[in-house]
Amino acid sequence: MPHEHDVLAAFAARIGRQPTVLARAPGRINLIGEHTDYNDGFVLPMSINQATYIALAPRDDDRTWRLPNPYSCYNKLFMIVKILKTR
């Protein structure tokens, strides 16, 4: 399971500098009641020792977002101009 230092090292290795933002969302599971809490049902969520991290840094060109995956050699590029035109 990656930790904060692993995410920072992977970001620096792929992007060439440190991120300006690092966020972590803890993992959880629902033992009972998947998607029933908003219908007055019962749920029993529990935390687990997994987490999702995202590291961010502004780009110089303000044109693309790069989403590197530390478990893959592929990056996902998003053109900001295209995203803004679809809204």
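Quick caveat, the model's predicted, so the values are computed rather than measured.

### Focus on the overall build of the protein
Summing up its helical and strand segments, the protein has 2 helices and 4 strands in all. For the protein, the succession of helices and strands along the chain, N to C, is α-β-β-β-β-α. Going through the 87 residues of the protein one by one, you find that 8% of them count as buried. Taking as baseline every contact in the protein between residues at least 6 positions apart, the subset at least 24 positions apart corresponds to 47%.

### Structural notes on the environment of alanine 9
For alanine 9, the position within the fold is in helix α1 (residues 4-15). Along the sequence, alanine 9 and proline 19 sit 10 residues apart, while their C-alpha atoms lie 9.9 Å from each other.

### What about a nonpolar patch on the surface?
A surface patch of nonpolar side chains, about 670 Å² in accessible area, is lined by Ile29, Leu31, Ile32, Phe42, Leu44, Met46 and Ile48. Structurally, isoleucine 29 is set in strand β1 (residues 21-30).

### Description of α1
With 12 residues, α1 should reach 16 Å at 1.5 Å per residue; the first-to-last C-alpha distance of 16 Å fits that figure. Two residues or fewer past α1, glycine 16 is found with a positive phi of approximately 95°.

### Things to note about the confidence of the model for the protein
Of all residues in the protein, 67% have pLDDT values of 70 or greater, and the mean over the chain is 77. Element-level mean pLDDT values for the protein span from 54 in helix α2 (residues 80-85) up to 90 in β1.

### So, the environment of histidine 5
One can find histidine 5 in helix α1. Using a relative accessible area of 54% as the deciding quantity, one classes histidine 5 as exposed.

### Focus on the environment of serine 47
Following the sequence through the fold, serine 47 ends up in strand β2 (residues 45-56). Since its relative accessible area comes to 65%, serine 47 is described here as exposed. Sequence-wise, serine 47 and glycine 27 are 20 residues apart; in three dimensions their C-alpha atoms are separated by 5.8 Å. With near-sequence residues (within four places) excluded, serine 47 lies in contact with Gly27 and Arg28.

Analysis parameters
Chains are numbered independently. Their residues run from 1 in the order of the written sequence. The predicted nature of this model means local features are confined to residues of pLDDT at least 70 and side-chain atom pairs, given and counted, to a pLDDT of 80 or more, with totals for whole chains, interfaces and linings taken over all residues. With hydrogens and water set aside, each side-chain value is computed from the structure's full complement of heavy atoms. Going along the chain from the N terminus, every DSSP run of H or I of four or more residues is numbered as a helix, and every run of E of two or more is numbered as a strand. Categorising residues by exposure relies on relative accessible area from a 1.4 Å probe, with only protein chains included: less than 20% of the type maximum marks a residue as buried, more than 50% marks it as exposed, and the intermediate range marks it as partly exposed. Contacts are assigned to residue pairs that have any heavy atoms within 4.5 Å of one another. Surface patches are drawn from residues lacking salt bridges whose relative accessible area is over 30%; two like charges belong together within 9 Å, two nonpolar side chains (Val, Leu, Ile, Met, Phe, Trp, Tyr) within 5 Å. Note that accessible areas follow from Shrake-Rupley with a 1.4 Å probe, and for residues the cover is restricted to the protein chains shown. Throughout this description, the term salt bridge denotes a Lys or Arg side-chain nitrogen within 4 Å of a carboxyl oxygen of Asp or Glu. To estimate how far a helix should reach, multiply one less than its number of residues by 1.5 Å. Every residue gets a pLDDT, meaning the predictor's confidence in that residue, from 0 to 100.

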